[in-house]
Amino acid sequence: MSILAKSAFGNLHGSSHALASVHRHDIHDRADLAAVLVVATDDDAAAELASIGLTVPTGAGPMVAQDGLQAIWLSPRSWVIQCAPEAEMALVARINAAFDDRRITASLFGDHLAWIEISGADPQALLRRGGFVSLDAGGIAPGSAKRTLVAEVNVILCHIEPGRLLAGVERSRARYFVDWLKQAAKEPSPAF
Amino acid sequence: MSLTGSKRRASGGHIDRSRPISFTWNGKKMQGFEGDSLASALIANGVGIVGRSFKYHRPRGFMALGAEDPNAMVSVRDAHGYTPSIRAGQMPLAEGMEVRSVTGWPSASFDIGALAGLGKPFFGAGFYYKTMMWPNWSWFEPIVRRATGFGRPDGSKESRAAQHQYQAVDVLVVGAGPAGLAAAQGLIGSGLSVLVAEQEQRPGGSLLWEEAEIDGKPGIAWAQDIAKEIKATPGMQILTSTLVAAAYDTNIFTLVQSVIDARGIAAERHITLHAKQVILASGAVERPLLFADNDRPGVMLAGAVRRLIRDYGVAPCKQLVVKTSNDSGWLTAFAAQDAGIKVVAILDTRPRAEAVHLAQAEALGIPVVFEAAITAMKAGRQLRGLTVSTPSGVRKFACDGLAVAGGWTPLIHLACHRGAKPVWNDALQMFTVPELPQGWQASGGVTGCTSLTEALGQSLQAAAKSSQRQAKATPLVKAPAFGGVSLIRRPSGVPANKVWIDHQNDVKLSDVEIAVRENYVSVEHLKRYTTLGMGTDQGRTSNVNGLAMLAHLTGREISEVGITTFRPMVSAIRMGTIAGGHEGDLIAPRRYLPADAVHRRLGADFEDFGWQRPDWYHRPDASDRDTAVALEMAAVRSDVGIFDGSSLGKVEVTGPDAAAFLARFYVSDMATLKPGSVRYSVMLNEEGVIYDDGVVACLGPNHYLAGPTSGHAEAVAAHFERWRQTEWPSSRVAVGNVTSNWCSIAVAGPRARHILAVLNPDFDISPAAFKHMQVREGSWQGIPLRVARVSFTGELQFEISVPSRYAEALYETLLKGDAAGAPRAIGMEAWLRLRLEKGYIHLGSDTNGRTGPTEVGMAALVAKRQDDFIGKRSLTLPFALSDEREQLVGLVAVSGKIEAGARVLAPGCTAPPCKTEGYVTSGCDSPTLGHPIGLALIERGFARQGEEVTLYSNGRTSRARITSPVFYDPENERLRQ
């Protein structure tokens, strides 16, 4: 018997699916992405993770890419490591085996977050209908990520490259978030 | 070309006479021009009375042309929507506008409500506090409400688009008058991102109507050139028709940008802005003077008269008297004379004026009277003349317009929103804010500066500081000065009840006198007792005069009296703009279960419990809620049901100190929890009140999974994190909220184990190997699987968790059942009633903001804990130990229903009004027991078992007996199956 895995949008897990094409932007369900949450009890966790070959950012902003993984800084003691769905369980097992006293813990997180890709003219401007995105006037720099509130929803925003942005949204709110995006991205009133 | 209206000048102003605009005023057709505001168009058409005052329904004309005008409230319908109440000066004129007065019946010109003026001697400050209390305020309320207020909403849906936007900039410049533009010019080339916000449609501020030459150009040309330069500079923008409405902590601002087309306000953008630095150049508004009958139509601020003439090409009257305490009035007199208005006299409260002005007045043949006081006005609906007391005797002047200039009130509101303290400057006779919030600077009128040269210099200095560069050279300015302002004095020789201070709320000098007599001598008390400054104009023209009179009457200085608090917004903004796109399903974030699609296929009827959750399921045997709930409950009690509990929180707490850490939060000692075990408990806040409840599972050494209530997971995770960071930073513990990663499907009922067996888990699920309050981890066909044997229903129950991507597959697999049959899908209502039969609490329903663990029967557990936990100390305080506290008990109906929310009446009472001793927290008809049951928080409830009480709900009473809260299987035999 095969057990179907489905994304927050009802798509088959493991590949990317178009969700909507809105004014000057496309929205995709990136069900081909998973993630692992890494939390630590001590401040030297980044160095400890390096000792098992995992490089994570030591501060806010730039993401660190390594061997098909993309590490995103959440706080001084926590990271999200983006990975392929098939790599998720192995990564969790690898980290937890290395730190069996649980001073560093990895948890499955691929289903906690729904990854939504927004591409087009100016994804950050679109998201700024629902939140600051960044308090830097220039927004989030390419290659950087941050957690923020958009449309009253906590999101992890990754600026992949100009015109492409990935939003990690808590799964239960993902549908609302995309509904909000569609509304925000509607052809603006000619008045604007 | 024919000009419209009787007061439009043949030339002058910045209106486009080639573009006429038609509109109506109270149904009468009128015409203005592009560039007109609604106020200027109405005045040009000869509208003198625009509304009525709040209390006495006195006729009101235009006093000013902006947000400071207390009088000109109108309703406006343009092509895009209806605005029930707005000042005419704040609305640009548009084709087809329907404008109506919002006060006065049958019309603003002839108002029957003006009869209220006959009662003036009795309607002084506070009269309603003294007179409308007997026999009951409700007798008066309908009449008062009908007679007062400004405008009525009509329920129509507007087509005006609204959009929200967030923006971050390096520098916000508030105002694009000369000071704001100079500041922005100083920032050009700095590389900073700059936003200049201007509430008028055009940049330039007072340069649009004041005579000025800057760097050899007319002021208006200078302003236009700088505005173009700003627009052309990358990273800089200038937003006109944009009100900076509020300032909040950390330099967050609310801006409202109106997008105006030929037919009205087509759209509004609600901008939440963060600025690292702020240059406040919001300017100042003019203040009126106090004298007898100063509220008559025809009395206008002197600056507004200048603007009408020079910006809008309107001559508001034929014969003008100017009364002034500074040079502003003189400038108006010269502008008026130049525009063909006969200036009858300049009345200056000061003993002398600038020689240059005096010489000009003499050259123009304008009579000048110093130390003049107006003692009477000849006016009904329109000014016809006035009587003036002068050092040389009484004089009378015929006029149909009076321009008044009483000094300036800086617009310091935004700085005050951020906590800046207004300080009275006696020399300038105005409140300013010498100490600004961090990162703020101010320039121009808002600082009290009345010199254009000085204002531009301040702005360039501010820009230099913001950009950390050398200041640019101040441009060469030729502009008239406004001179010094004389002190605000109580007008002499006139009755106090003829001197209006707040024109909108009808607050007179005599009202301030009453307030002082009754010892309302604090400025905040004065405001509330008299309503001074509480109108829609927020007292821009009345506050300072009122405070000056309070100071005079109490023998204090204005600096000692102080000023009332400024609060957001600085001017009204539309509710539709605040709401923006937040309507329908987008009003707030919705949360969906991972198996939501399955529930919809099964015919679930959804309710919002913070998450969209099935309340009950439509089925062929259950087309209504009551039937469905009864059948769902019966399935769990006699066979098996499945329930989607995915919303339950899942917070991982890990690390060497995780056990000790958790023990500090829960009433039960989680430190003794062994791997593979689960424990239920409650956690308290510091006041000893139950904050959350749920189970904690020990998944392995140093690895725990806390299960907060649905919708509370993020709050509990944050609660853990806050305590970890602030109180126990050295604790080796980590917190991770993984709620949405896992779906949790509960299988409950006597056959629950059989259904679990369908999954063929790779661990022993026999009763002996897998006991109540234990947890197991394994896999289901290679998929990570967690199963906790816990119960919310009183039946054998397993909570089965797999990653959420498999939620639909898991639910559908379980729903197929086994050879003996399929489980029934269970909704929230049945689930909650099942737990009610068992007497388990539902947090938030059976607890409130006072309920501690003792009140829900956990006293023994509390007593057993020797070590500390959050809230423990509070449980030892007398309040917590009182016998009078409400305690959670069961109720069994003796007669009638038991409804949640019903009040428990005190013994001996049969109906309210009477003392009540608690309330029903949960109630239902129990299909299992065959009678109504409930839980209730009742004073001394534990000691009252067996007592009959009367319940009161929605006009009905019923009787119930107090019992144990556990109605079903009190011995827990079914949990041990």
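What you are looking at is a predicted structure, and each value in this text was computed from that prediction instead of being measured.

Tell me about the packing of helix α11 (residues 509-517) of chain B against helix α13 (residues 543-554) of chain B, and name the residues and values.
Residue and element names in this part refer to chain B. Between α11 and α13, whose axes approach to 10 Å, the crossing angle comes to 45 degrees. Judged by the inter-axis angle, α11 sits oblique to α13. In terms of crossing hand, the pair formed by α11 and α13 is right-handed. Across the interface between the two elements, Leu509, Val512, Glu513 and Val516 of α11 pack against Met549, Leu550, Leu553 and Thr554 of α13. Among the residues making up the contact of α11 with α13, the classes are represented as six nonpolar, one polar and one charged.

Help me get a handle on the sheet that holds strand β9 (residues 113-120) of chain A, residues and values and all.
Sheet strands pair by backbone hydrogen bonding; their relative direction is either parallel or antiparallel. All names here are of chain A. Taken in spatial order, the seven strands line up as β1-β2-β9-β12-β11-β10-β4 in an open sheet, and their pairing is antiparallel. Single-partner strands in this sheet number two, and they are β1 (16-22) and β4 (61-62). Across five bridges, the pairing between strand β2 (residues 25-30) and β9 is antiparallel. Following the sheet pairing, Asp29 is matched in β9 by Ile116. Taken strand by strand, helix α4 (residues 171-184) contacts β1, β2, β9, β10 (144-150), β11 (153-161) and β12 (164-170), and its axis lies near 135 degrees from that of β12.

An account of the domain arrangement of chain A is needed here, citing residue identities and associated values.
Quite often, the size of an interface is put as the accessible area lost when its parts meet. All names here are of chain A. Each assigned domain of chain A is listed with its residue range as follows: domain 1 (16-32 + 111-184) and domain 2 (35-108). Between the C-alpha centres of domain 1 and domain 2 there is a distance of 23 Å. Counting residues at the interface gives 13 residues for domain 1, matched by 12 residues for domain 2. Carbon and sulfur atoms make up 60% of the area that domain 1 and domain 2 hide from each other, which totals about 920 Å². The largest contributions to the domain 1 side of the interface with domain 2 come from Trp115, Ala145 and Arg147, which together make up 39% of the buried area. For the interface between domain 1 and domain 2, the tally reads zero salt bridges. Taken together, the links from domain 1 to domain 2 amount to three residue pairs in polar contact (both at pLDDT 80 or more). Elements with a contribution of two residues or more to the side of domain 1 that touches domain 2: β9, β10 and β11.

How would you explain the UniProt feature "domain: Aminomethyltransferase C-terminal" (unreviewed entry) in chain B if you had to name every residue and give the values?
When the UniProt feature table is mapped onto this chain numbering, "domain: Aminomethyltransferase C-terminal" (unreviewed entry) sits at residues 887-969 of chain B. Taken as a whole, residues 887-969 of chain B contains 0% helix and 55% strand, while its terminal C-alpha atoms sit 21 Å from one another.

Talk me through the interface of chain B and chain A; I want residue IDs and the actual numbers.
Contacts between the two partners involve 67 residues from chain B, matched on the other side by 50 residues from chain A. Where chain B abuts chain A, roughly 4,700 Å² becomes buried across the two surfaces, and 57% of that area is made up of carbon and sulfur atoms. Interface area lost by chain B to chain A is led by Tyr166(B), Leu586(B) and Arg805(B), which between them contribute 17%. Viewed at the interface, chain A and chain B are joined by seven salt bridges. Residue Arg591(B) pairs with Glu170(A) through a salt bridge whose shortest N-O separation is 3.0 Å. With nine residues, strand β8 (residues 161-174) of chain B is the largest single contributor of residues to the side of chain B that touches chain A. Here the side of chain B that touches chain A is composed, by residue class, of 30 nonpolar, 23 polar and 14 charged.

So, how was this worked out
- Residues numbered from 1 in each chain as written.
- Chains lettered and ligands numbered in written order.
- Predicted model: local features only at pLDDT ≥ 70, side-chain atom pairs only at ≥ 80, totals over all residues.
- Heavy atoms only, no water.
- Axes fitted to C-alpha atoms, helices over the stretch in contact; angles between N-to-C directions.
- Helix = DSSP H or I, 4+ residues; strand = E, 2+ residues; numbered from the N terminus.
- Parallel < 35°, antiparallel > 145°, perpendicular 65-115°, else oblique.
- Left-handed = near helix turned anticlockwise from the far one by under 90°.
- Contact = heavy atoms within 4.5 Å.
- Nonpolar A, V, L, I, M, F, W, Y, C, P; charged D, E, K, R; others polar.
- Pairing = 2+ DSSP bridges.
- Domains from an automatic or database assignment.
- Buried area = accessible area lost by both parts, 1.4 Å probe.
- Salt bridge = Lys/Arg side-chain N within 4 Å of Asp/Glu carboxyl O.
- Polar contact = N/O pair within 3.5 Å; in protein donor to acceptor, adjacent residues only side chain to side chain.
- UniProt positions renumbered as here; feature names shortened; annotations may be inferred.

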